[in-house]
Amino acid sequence: MSTQVQAAGDDSHMDVADVSRRLKAIFIGSMGNLVEWYDFYAYTAFALYFAPKFFPQSDPVVQQLNVAVLFAATFLMRPFGGWLFGYIADRYGRRISLTLSVACMCFGSLIIAVTLTYETIGIAAPMVLAIARIIEGLSLGGEYGASATYLSEIAEPKRRGFYSSFQYVTLIGGQLTAIIVLLLLQNIFLTSDELKSWGWRIPFVIGAMLAVFTAVMRRTMHETDAFVASQKSGEATGSIRRLLQYPRELLLVVGLTAGGTAAFYTFTTYMQTFVKLSVGLTENQTTIVIFGSLVFASILQPLYGALSDRIGRKPLLIFFGVAGTLATVPILQALQSTRSPVVAFLLICAAWIFVAGYTSINAIVKAELFPTSVRAMGVGLPYAITVSLFGGTAPAVALEFKSLGHEQWFYYYLAGIIFLSLLIYTTMRDTKHESAMHRHV
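Residues numbered from 1 in each chain as written. Predicted model: local features only at pLDDT ≥ 70, side-chain atom pairs only at ≥ 80, totals over all residues. Heavy atoms only, no water.

(A) The arrangement of the packing of aromatic side chains in detail. Overall, the coordinates contain 24 aromatic pairs when judged by the stated rule. Taking the centre distance of 6.3 Å and the plane angle of 25 degrees together, the rings of Trp-83 and Tyr-87 count as stacked. You can see Trp-83 and its partner Tyr-87 sitting in helix H4 (residues 78-92), four residues apart, about one turn around the helix. What makes Trp-83 partly exposed here is its relative accessible area of 31%. (Phe/Tyr/Trp six-rings, centres within 6.5 Å; stacked < 30°, edge-to-face > 60°. Helix = DSSP H or I, 4+ residues; strand = E, 2+ residues; numbered from the N terminus. Buried < 20%, exposed > 50% of the residue type's maximum accessible area, 1.4 Å probe, protein only.)

(B) Summary view of the side chain of Thr-257. In this structure, Thr-257 sits in helix H14 (residues 247-277). Judged by relative accessible area, Thr-257 falls into the buried class, the value being 0%. Apart from residues no more than four positions distant in its own chain, Thr-257 is found in contact with Tyr-358, Lys-366, Tyr-383, Thr-386, Val-387 and Ser-421. (Contact = heavy atoms within 4.5 Å.)

(C) Summary view of the pattern of salt bridges. The full count for this structure, using the stated rule, is eight salt bridges. In this structure, Arg-94 engages Asp-90 in a salt bridge whose closest nitrogen and oxygen atoms are separated by 2.8 Å. Overall, Arg-94 belongs to the buried group, its relative accessible area being 0%. In this structure Asp-90 comes out as buried when scored by relative accessible area, which is 1%. Arg-218 is the partner of Glu-143 in a salt bridge, and the nearest nitrogen-oxygen pair spans 2.9 Å. Residue Glu-143 is located in helix H7 (residues 124-154), and its partner Arg-218 is located in helix H11 (residues 202-218); the two are separated by 75 residues in the primary sequence. Each member of the pair, Glu-143 as well as Arg-218, carries the same accessibility label: buried. (Salt bridge = Lys/Arg side-chain N within 4 Å of Asp/Glu carboxyl O.)

(D) Up close: the environment of Phe-419. Within the secondary structure, Phe-419 is located in helix H21 (residues 408-427). Phe-419 sits in the partly exposed class, given a relative accessible area of 39%. When the C-alpha atoms of Phe-419 and Tyr-383 are compared, they prove to be 18 Å apart, with 36 residues separating the residues in sequence.

In short, geometric facts, not functional conclusions.
What follows is the structure in structure tokens.
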């Protein structure tokens, strides 16, 4: 009897230790993701202040269009980042890939913090800004695949949807952190003139410092058991040739990502500009509305992720596809016509009710498509290509339609992309029930 009691106590101790190890790993991995996306979104959050310093036109729409085009251009580097850091993650480990990606983001953020303006160095100013954003795009291209893979592999099998949903909690949290910094600088520490003059550099300094701290933390992360098992197999890992053995899965990643990423970047990145230029809210109203809607979106992620562990991934994706196809145009039309911050907040939250059906589980769905040996690259590379085509371009496309006087065309463009992804959702397998997570080669 005493032996059984001791064994039960040992098992309980091991269970607690295992849970503690998983939670610590998820926290460190997620915090790194938050810092990366904070650095990336600080560019968008402060664009209204620094755009005239790099693109000195009199028309604010033209200024924002130039910023958005540069935002989209950085996404061209994301496929390369998806390949490079995916290769490192599959060949040398998830930990080293995640550490290198956040160090790369630190470098890009620091360049933006110290670069001189157009008034001082002329055309070289936007060129240096472009280089910094390209470095950040490279970093993010690798962060997504490695982070999604790490979180899915470190999670308990029955709670993978819940655990992996924290990738978008921290991704959105990065934007929330950028907005908090913006609110503090706007309302407490600096005047509007000071922000436009030099204060816009502060968030990039903060981002660089946070990235250094996170890189140090990531060096202590545990490697996943799945990667260790894959290495023991002796098979080559992380190669494009091996990845091309899964053409159906690669196409599935592209199809299921297109609509979701366009919707995500519309209701996060572009909303900051949309409610300012199209709805006509003040700078403070804009910041508060976006902040509140992102808090709501963050709360939805783990709820939907946990739901997917019970009912499967496919029902949530179909919900996003159907609701997004039918509701996107009415929501954006109503948002454009309102002048009330409260109504604008409620409409953006309404959009998040269906957008979260994609964001909460898209990482785990992709991870469940591939075996361990090519999982990071399989998740990261086709995702980065798709985001470059449909996600990063969304603000630029929207502003181009606006500059042509046909802003509503973008609403139908977005709904159409979501519909195309819906066709994929209805025909794909439910990866919760047919997962490749147990396959290492």
